[in-house]
Amino acid sequence: MSLELKKAIEQISKDRGLDRDMLISTLEEAVRTSVTRKYGDDLDVEVHYSDDTGDIEVFQFKFVVDDVEDPLTQISLEEARQHDPSIQIDDEMGFRLKVEDLGRIAAQSAKQVIIQRMRDAEQELIYEEFKDRVGEIVSGMVQRRDKGGWVINLGRTEALLPREEQIPREHYKRNDRIQALIIDVRREGRGPQVIISRAHRDYMAALFRREVPEVDDGSVQIMGVARDPGSRAKVAVLSRERDIDAVGACVGVRGSRIQNIVQELHGERIDIVVWSPDIATYARNALAPALVSRINVDEASNLLEVTVPDDQLTNAIGRKGQNVKLAAKLLGWKIDIFTESRYHEANAAGRGLEQVASVAEIPVDKLMDAGFRSLDALRDATDEELADKLELTAARIADLRAAVNFLSPVVEGESAAEEKTEGGEE
């Protein structure tokens, strides 16, 4: 039995990666717990595991007294001197107990404590290992479907791939091998819970670090990622070395590097965008493949007003608005898209509004604040609306209407001329 116990400790320590001293300490504590459960907490015992023989030695200690009141903790001087003639009153004397005397129930209790302590220690080791691996790609085997997602076997432990972290339209079955990113490790009652993701934007960045050496060594830096998982993504990159082309490095020879990432993500289209500190330049790059005519930057509203040629509107917005949504997410700015035609109409209307305001001697801001942003809006308004919103007298309203009627043909003519000029330039 002693040799079997010694071999078991060695084997468990090796197979599960548990500290041998911790196992021995757990074993000693489990035996001590079983002894006190059988004889009571007042019993003074020490448990020692012999590393040489593999034996577990249990010692009970009693105080030497004249009159014994508690046989579990006290021994008479007469009986004590039968074991040690030199013993004196108030000395403490130890006796070795036989572990076999603990009985079947006590032995089973000790076994349960040992198993639980080993499980707790193993779970703590797993938590300590995986909490430092957040942001790392792991590979595992699909085991079963759980109410929260799929359970993935990582070898030493299981991970959860929640539904919201799966790539839409991906289907898994038992024993499929998949890769994912560790995004969280939580302490839970049944052990550490490792959460993994295939839809997270950091998974895309981690794949680039794995496939592109220049990203891994920092020569090329990923400045941002925006994903519509399983469909399309935009990745902003910046070269830290003058002689390294960031886009070329990420694409690889004949597209070899980017194709490895696309295949891992089952065909997700990836646009590689050159990052720029100038938000307008960055926006032009992010909206590719659409061509951009001009960009107005409204920093106060964190808004970009982007003008594109009429035939580029579809490219700029993308299917179901995907291109502009991903660009906005990548930039962290709101984006409004205008065609050239709409831009010129708005400009002409704006100039016309300024001219009317000047002639009628009304601040243009007052017109705008009241909701009149075009000549048509002023023309369609009733006298009551103009009087209420602009606080005008009947005479001032008449002057305003005269200015609108006089300037409308002029503004419309200017707008038509601009459109004709643009058409001639094209």
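Note that this is a predicted model, so its numbers are computed, not measured. (Residues numbered from 1 in each chain as written. Predicted model: local features only at pLDDT ≥ 70, side-chain atom pairs only at ≥ 80, totals over all residues. Heavy atoms only, no water.)

Digging into helix 8 (residues 256–264)
No. 1: All buried positions along helix 8 are accounted for by Ile 258, Ile 261, Val 262 and Glu 264. Taken end-on, helix 8 shows its buried residues confined to a sector of 165°, consistent with a single buried face.
No. 2: Elements that come into contact with the buried residues of helix 8 comprise strand 8 (177–186), helix 5 (201–211), helix 7 (246–251) and strand 12 (269–274).
No. 3: Of the residues trailing helix 8, His 266 is marked for its positive phi of about 55°. (Buried < 20%, exposed > 50% of the residue type's maximum accessible area, 1.4 Å probe, protein only. Helix = DSSP H or I, 4+ residues; strand = E, 2+ residues; numbered from the N terminus. Arc of directions from axis to C-beta. Contact = heavy atoms within 4.5 Å.)

Points about the confidence of the model for the protein
No. 1: With 85% of its residues at a pLDDT of at least 70, the protein reaches an overall mean of 83.
No. 2: Counting contacts from residues 420–426, a segment whose pLDDT is below 50, to residues more than four positions away or on other chains yields one contact. (pLDDT = per-residue confidence, 0-100.)

Notes on the packing of helix 5 against helix 8
No. 1: At a closest axis distance of 10 Å, the pairing of helix 5 and helix 8 adopts a crossing angle of 140°. Here helix 5 is positioned oblique relative to helix 8, judged by the angle of their axes. Handedness of the helix 5/helix 8 crossing: right-handed. Residues Tyr 203, Met 204, Leu 207, Phe 208 and Glu 211 of helix 5 lie in contact with helix 8, whose contacting residues are Arg 257, Ile 258, Asn 260, Ile 261 and Glu 264. (Axes fitted to C-alpha atoms, helices over the stretch in contact; angles between N-to-C directions. Parallel < 35°, antiparallel > 145°, perpendicular 65-115°, else oblique. Left-handed = near helix turned anticlockwise from the far one by under 90°.)

Describing helix 9 (residues 279–286)
No. 1: Of the positions making up helix 9, those classed as buried are Ile 279, Ala 280, Tyr 282, Ala 283 and Ala 286. When helix 9 is viewed along its axis, its buried side chains cluster within an angular range of 160° and face the same direction.
No. 2: Contacts from the buried residues of helix 9 go to strand 11 (232–239), strand 12, strand 13 (294–298), strand 14 (303–308) and helix 11 (322–331).

A few points about the packing of helix 9 against helix 11
No. 1: One can describe the packing of helix 9 onto helix 11 by two numbers: an axis separation of 9 Å at closest approach and a directional angle of 145°. Helix 9 and helix 11 meet at a crossing whose hand is right-handed. Between helix 9, through Ile 279, Tyr 282, Ala 283 and Ala 286, and helix 11, the contact on the second element is made entirely by Ala 327, Leu 330 and Leu 331.
No. 2: Per-class residue counts for the contact of helix 9 with helix 11 are seven nonpolar, no polar and no charged. (Nonpolar A, V, L, I, M, F, W, Y, C, P; charged D, E, K, R; others polar.)

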